[in-house]
Amino acid sequence: MPAITVSDFAQLPRVAPLSTHALQRPVLSVTSAPSGYEGEGFPVKRAFAGVDLAALDPFIMMDEMGEVNYAPGEPKGTAWHPHRGFETVTYIMDGTFLHQDSHGGGGRITNGDTQWMTAGAGLLHIETPPESLVLSGGLFHGLQLWVNLPRKDKFVTPRYQDLRADSTTLLTTHDGASLVRLIAGDVAGHRGPGSTHTPMTMIHATIAPGAELVLPWRADFNALAYVMSGTGLLGASDAPIGAGQAAVFGPGDALRIAAQDRPDNRGQRGLEVVLLGGQPIREPIAWAGPFVMNTRAEVLTAFEDYQKGAFGQALPHTGASDLAH
């Protein structure tokens, strides 16, 4: 899982130890992600399946894509499909994906790159492996996160952010035992490159066996963790968590994640974990397939607009965005 790393964590800016008065967030629940298939048949784990949307807010869902070692001819992607009302964040740790959308965005993302697509008023989108990967096969591993947009931003003009791996903010702990990849948001006075409509933080952390990561966390944010490999302990109560499991934290102003010093069932030591937090939007959610709106009527309108072909051309709805503001 290369993503982006450095040979010596000690050269990175350090997150200072927190005050003993910091309130560690308790663990409210730990759930296991079921497996499924997406697009044209690539394997995923539904990271937040079974978690109430109110606990996820402002996030909608997240898929762990792979980890899979494709044989030649096996790599798969998606066909053209629509989105409206939210943002997709695609983070690739191993392998390569090509993206294109009907608003002119797109590109190639690989090994630590992130594609941040604000669907807003609506667009068509396609994700495919490059021909070279299809021919050769190889390792593929990534995440796709859906971030809700507040009502006032549902019809913003679509936007695309191409976040290269080397733009990721890299931090370590006071003991140099963890690597914190800050993709978006703020932590301990440092800021990630992603620009968000909804205040949020996204981190991919690597924690050495037996080490712990303690981070300050905004009290007005929710807090979620998803483990991709290894086994760990969360919060002051040492709640156990393993690969393919997600945790929801309760209130507080600090997160604690410790990596156990034993291998998981795949022989992986240490911990690879995604940490997410955001300011809840607290608005009604009407979600059907690729559309995340506030009312059922708005979802039906999105389907009608898609069937009319509106998502494949300059959208008349972008004018409505100005009225909404």
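**Overview of the overall build of the chain**
Here is step 1 of the chain: Scanning the chain from terminus to terminus reveals 4 helices and 26 strands.
Here is step 2 of the chain: The dimensions of the chain, computed from C-alpha atoms along their principal axes, are 55 × 45 × 35 Å.
Here is step 3 of the chain: Looking at the 325 residues of the chain, the share that counts as buried comes to 55%.
Here is step 4 of the chain: In the chain, the proportion of contacts linking residues at least 24 apart, taken out of those at least 6 apart, comes to 74%.
Here is step 5 of the chain: Total accessible area computed for the chain in this model is approximately 13000 Å², and 53% of it derives from carbon and sulfur atoms.
Here is step 6 of the chain: The distance from the centre of the 22 positive side-chain charges to the centre of the 32 negative ones in the chain is 3 Å.

**Structural notes on helix α3 (residues 296–308)**
Here is step 1 of the chain: The end-to-end C-alpha separation of α3 is 19 Å, in line with the 18 Å expected for 13 residues at 1.5 Å each.
Here is step 2 of the chain: Lining the buried residues of α3 we find β25 (286–288) and β26 (291–293).
Here is step 3 of the chain: Immediately beyond the C-terminal end of α3, within one or two residues, lies glycine 309, with a positive phi of roughly 90 degrees.

**A few points about the environment of arginine 256**
Here is step 1 of the chain: One can find arginine 256 in strand β23 (residues 254–259).
Here is step 2 of the chain: Classification of arginine 256 as buried rests on a relative accessible area of 14%.
Here is step 3 of the chain: Sequence separation between arginine 256 and alanine 236 is 20 residues, and the spatial gap between their C-alpha atoms is 7.4 Å.
Here is step 4 of the chain: Apart from the residues within four sequence positions on either side, arginine 256 is in contact with Gln24, Glu212, Leu213, Val214, Leu233, Leu234, Gly235 and Asp238.
Here is step 5 of the chain: At a separation of 2.8 Å, a polar atom in the side chain of arginine 256 contacts the side chain of glutamate 212.
Here is step 6 of the chain: At 2.8 Å, the side chain of arginine 256 forms a polar contact with the backbone oxygen of glycine 235.

**Side note on unusual backbone geometry**
Here is step 1 of the chain: Omega for the peptide link from aspartate 57 to proline 58 comes to 20 degrees, which places this bond in the cis form.
Here is step 2 of the chain: For proline 58, the location among the structural elements is in the loop between α1 (53–56) and β5 (59–70).
Here is step 3 of the chain: Following glycine 66, the chain continues into glutamate 67 via a peptide bond in cis, with omega recorded as 10 degrees.
Here is step 4 of the chain: Residue position: glutamate 67 is located in strand β5.
Here is step 5 of the chain: We note that asparagine 111 has phi near 40 degrees; this positive angle belongs to a residue other than glycine.
Here is step 6 of the chain: For asparagine 111, the location among the structural elements is in the loop between β9 (106–110) and β10 (114–118).
Here is step 7 of the chain: Judged by its relative accessible area of 34%, asparagine 111 falls in the partly exposed class.
Here is step 8 of the chain: Here arginine 282, not a glycine, exhibits a phi torsion of approximately 60 degrees, which is positive.
Here is step 9 of the chain: Within the element layout of this structure, arginine 282 appears in the loop between β24 (271–278) and β25.

**Thoughts on the nonpolar core**
Here is step 1 of the chain: Counting 29 residues, the largest nonpolar core has Ile203, Ile207, Leu215, Trp217, Phe249, Val273 and Leu275 as its most contacted members.
Here is step 2 of the chain: Of all the secondary-structure elements, those providing two or more residues to this core are β15 (178–184), β18 (200–207), β19 (212–216), β20 (224–234), β21 (239–242), β22 (245–249), β23 and β24.
Here is step 3 of the chain: Setting aside chain neighbours within four positions, we find leucine 215 in contact with Val15, Leu18, Val187, Ile203, Asp253, Ala254, Leu255 and Leu275.
Here is step 4 of the chain: Core analysis: the second largest hydrophobic core is formed by 27 residues, Ala3, Val89, Tyr91 and Met200 among them.

**Quick notes on the packing of aromatic side chains**
Here is step 1 of the chain: Applying the stated rule across the entire model yields 8 aromatic pairs.
Here is step 2 of the chain: With 4.8 Å between their ring centres and 90 degrees between their planes, phenylalanine 291 and phenylalanine 303 make a pair best called edge-to-face. Separated by 12 residues along the polypeptide, phenylalanine 291 in strand β26 and phenylalanine 303 in helix α3 bring together distant segments of the chain.
Here is step 3 of the chain: A relative accessible area of 31% means that phenylalanine 303 is categorised as partly exposed.
Here is step 4 of the chain: An aromatic cluster of at least three residues, connected via ring pairs, comprises Phe42, Tyr70, Phe97 and Phe140.

**Description of the side chain of threonine 172**
Here is step 1 of the chain: Among the secondary structure elements, threonine 172 is positioned in strand β14 (residues 169–173).
Here is step 2 of the chain: Classification of threonine 172 as buried rests on a relative accessible area of 0%.
Here is step 3 of the chain: Among all residues touching threonine 172, those that are not within four sequence positions of it are Phe9, Leu12, Pro13, Arg14, Val15, Ala177 and Ser178.

**Regarding the pattern of salt bridges**
Here is step 1 of the chain: Counted by the stated rule, this structure contains 11 salt bridges.
Here is step 2 of the chain: In this structure, arginine 84 and aspartate 305 form a salt bridge, with 3.1 Å as the shortest nitrogen-oxygen distance. Of this pair, arginine 84 sits in the loop between β6 (81–83) and β7 (86–94) while aspartate 305 sits in helix α3, and the two are 221 residues apart along the sequence.
Here is step 3 of the chain: The class for aspartate 305 is buried, based on a relative accessible area of 6%.
Here is step 4 of the chain: Via salt bridges that share partners, Glu38, Arg46 and Asp63 belong to a single interconnected network.

What counts, and where the lines are drawn
Residues numbered from 1 in each chain as written. Predicted model: local features only at pLDDT ≥ 70, side-chain atom pairs only at ≥ 80, totals over all residues. Heavy atoms only, no water. Helix = DSSP H or I, 4+ residues; strand = E, 2+ residues; numbered from the N terminus. Buried < 20%, exposed > 50% of the residue type's maximum accessible area, 1.4 Å probe, protein only. Contact = heavy atoms within 4.5 Å. Areas by Shrake-Rupley, 256 points an atom, 1.4 Å probe, with all protein chains shown as cover. Lys, Arg positive; Asp, Glu negative; His and termini not counted. Charge placed at Lys NZ, Arg CZ, Asp CG, Glu CD. Expected span 1.5 Å × (residues − 1). Polar contact = N/O pair within 3.5 Å; in protein donor to acceptor, adjacent residues only side chain to side chain. Core = buried A, V, L, I, M, F, W, Y, C linked by side-chain atoms within 4.5 Å. Phe/Tyr/Trp six-rings, centres within 6.5 Å; stacked < 30°, edge-to-face > 60°. Salt bridge = Lys/Arg side-chain N within 4 Å of Asp/Glu carboxyl O.

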